[in-house]
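# Topology and contacts: notes
Each chain, letter by letter, is given below.
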Amino acid sequence: MKTIKGPAVFLAQFVDSKAPFNSLEGMCQWAADLGYKGIQIPTWESFLIDLDKAAESQAYCDELKGIVGSYGLEITELSTHLQGQLVAVHPAYDLMFDNFAPDAVKNNPRARTEWAVGVVKKAATASRRLGIKAHATFSGALLWHTWHPWPQRPPGLVEMGFEELAKRWKPILDHFDNEGVDVCYEIHPGEDLHDGDTFERFLKATGNHPRVNILYDPSHFVLQQLDYIEYIDHYHEFIRSFHVKDSEFNPTGKKGAFGGYNDWGDRAGRYRSLGDGQIDFKTIFSKLTQYGCDVWAVMEWECCIKSPEQGAREGARFIQQHIIEATEKTFDDFAGGDVDKDMLRKILGQNPEI
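Residues numbered from 1 in each chain as written. Predicted model: local features only at pLDDT ≥ 70, side-chain atom pairs only at ≥ 80, totals over all residues. Heavy atoms only, no water.

### A short note on the sheet that holds strand β7 (residues 239-244)
- Strand order in this closed barrel of eight strands is β1-β2-β3-β4-β5-β6-β7-β10, and the pairing throughout is parallel. Between one strand and the next, the sheet's axes are offset by a mean angle of 30 degrees, whatever the strand orientation.
- Where strand β1 (residues 5-10) meets strand β10 (residues 296-299), three bridges bridge the pair, whose relative direction is parallel. For alanine 8, the partnering residue across the bridge sits in β10 and is valine 298. (Pairing = 2+ DSSP bridges. Helix = DSSP H or I, 4+ residues; strand = E, 2+ residues; numbered from the N terminus. Axes fitted to C-alpha atoms, helices over the stretch in contact; angles between N-to-C directions.)

### Here we look at the nonpolar core
- Among the nonpolar cores identified, the biggest contains 91 residues, and Ile39, Trp169, Phe199, Tyr216 and Ile284 are the most heavily contacted of them.
- Judged by nonpolar contacts, the second largest core, of five residues, contains Ala8, Ala12, Trp296 and Val298. (Core = buried A, V, L, I, M, F, W, Y, C linked by side-chain atoms within 4.5 Å. Buried < 20%, exposed > 50% of the residue type's maximum accessible area, 1.4 Å probe, protein only.)

### Considering the pattern of salt bridges
- Here the structure, examined in full by the defined rule, presents 21 salt bridges.
- Measuring nitrogen to oxygen at the nearest pair gives 4.0 Å for the salt bridge that ties lysine 245 to aspartate 217. Residue lysine 245 is found in the loop between β7 and β8 (246-249), and its partner aspartate 217 is found in the loop between β6 (212-216) and α9 (218-224); the two are separated by 28 residues along the sequence.
- In this structure aspartate 217 comes out as buried when scored by relative accessible area, which is 0%. (Salt bridge = Lys/Arg side-chain N within 4 Å of Asp/Glu carboxyl O.)

### Points about the environment of phenylalanine 281
- Here phenylalanine 281 shows up in helix α11 (residues 281-290).
- For phenylalanine 281, a relative accessible area of 2% corresponds to the buried category.
- Sequence separation between phenylalanine 281 and valine 244 is 37 residues, and the spatial gap between their C-alpha atoms is 8.5 Å.
- Not counting chain neighbours up to four residues away, the residues in contact with phenylalanine 281 comprise Pro218, Val244, Lys245, Asp246, Leu274, Phe318 and His322. (Contact = heavy atoms within 4.5 Å.)

### Some words on the pairing of β1
- Among the six residues in β1, five count as buried, and that is most of the element.
- The pairing of β1 with strand β2 (residues 38-42) spans three bridges and is parallel. Each bridged residue has a counterpart across the sheet, and for alanine 8 the counterpart in β2 is glycine 38.
- A crossover links β1 with its parallel partner β2, the connecting element being helix α1 (residues 24-33), and its sense is right-handed. (Right-handed = clockwise from strand over helix to strand, strands pointing away.)

### Digging into the packing of helix α3 (residues 58-69) against helix α6 (residues 109-130)
- One way to put it is that α3 packs onto α6 with a least axis distance of 9 Å and a crossing angle of 65 degrees. Between α3 and α6 lies a crossing of right-handed hand. On the side of α3, the interface is formed by Gln58, Cys61, Leu64 and Lys65, while α6 contributes Ala126, Arg129 and Leu130. (Left-handed = near helix turned anticlockwise from the far one by under 90°.)

### Regarding the side chain of threonine 125
- Take threonine 125: it is sitting in helix α6.
- Polar side-chain contacts of threonine 125 include one of 3.0 Å to the side chain of histidine 175.
- Other than its neighbours up to four places away in sequence, threonine 125 contacts Ala55, His175 and Glu179. (Polar contact = N/O pair within 3.5 Å; in protein donor to acceptor, adjacent residues only side chain to side chain.)

### Structural notes on the environment of arginine 112
- Considering the arrangement of structural elements, one finds arginine 112 in helix α6.
- For the pair arginine 112 and alanine 268, spaced 156 residues apart in sequence, the C-alpha separation works out to 35 Å.
- Aside from chain neighbours lying at most four places away, what touches arginine 112 is Leu86, Val89, Asp94, Asp98, Ala101 and Val105.

Set out below in structure tokens:
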């Protein structure tokens, strides 16, 4: 068993134009003051990390680690959620997802994909230079618009979709393998990897690539009404990253999992601050510890009711209270003894002389 590391915080949702959320030093001081021990860095925020420099310069990475370390923090993972999303975009989403891309590749899906692949590869090299073994990202989606099969999906469409998704990710995965870093796909609605079955489809399509792994976030499974506890039993060997985010599902006679096109506050399924939702984090932390999952517990704040400031303050304490110090002893060791084969035979009713 392993003790989960933490608490840590994903900085993405807290970035702002105002101090302390507009500089690396400011965010580090803020996180440290709240009791966090690690930060997950969104690579699309250039004031937090210059990914081009990080991929090219060990000196820059050493300096970055030094700045973060001076506040008593570690970098848990780099994140390319937005860029990973752009590795695979169905044309129906081109206009909306162009917002994640630089102007030079907008309105040009092929160029946008090439740019995204290059950025995610840079994140692999940067992670290696920073001494990080896991990377957080999205898979993107070519099939999401077909998840509810109406009109009926033609035979072979799903298989071809995952073959194409794997084809796009295979060079990235090979690069991560060369750098010694795991790719942790956040299993998430809107992505082709959104549950256990789709993860297995992708894993098979990549030839069981050793760098295909999971960022486990139970909040998305509650909204799908998927058993997020049993999920750990199935996939614990792949869980290399962990977002601690709460959610709730309160269906009514008017709305359920689809949400009725409502804003977050009016949906049956919605994200909440830690402790305000329905997720059984005691069991989650117990399972991950029991299975020896070597992960950081990274708070991702998303709540339609509570302020991010309060959510961050409470989140550090919440995670710390749930981290289990893995035992190195068995509780009844005091009653044990050395191995005595003659004694064992006697207990079994055997003649020690035989």
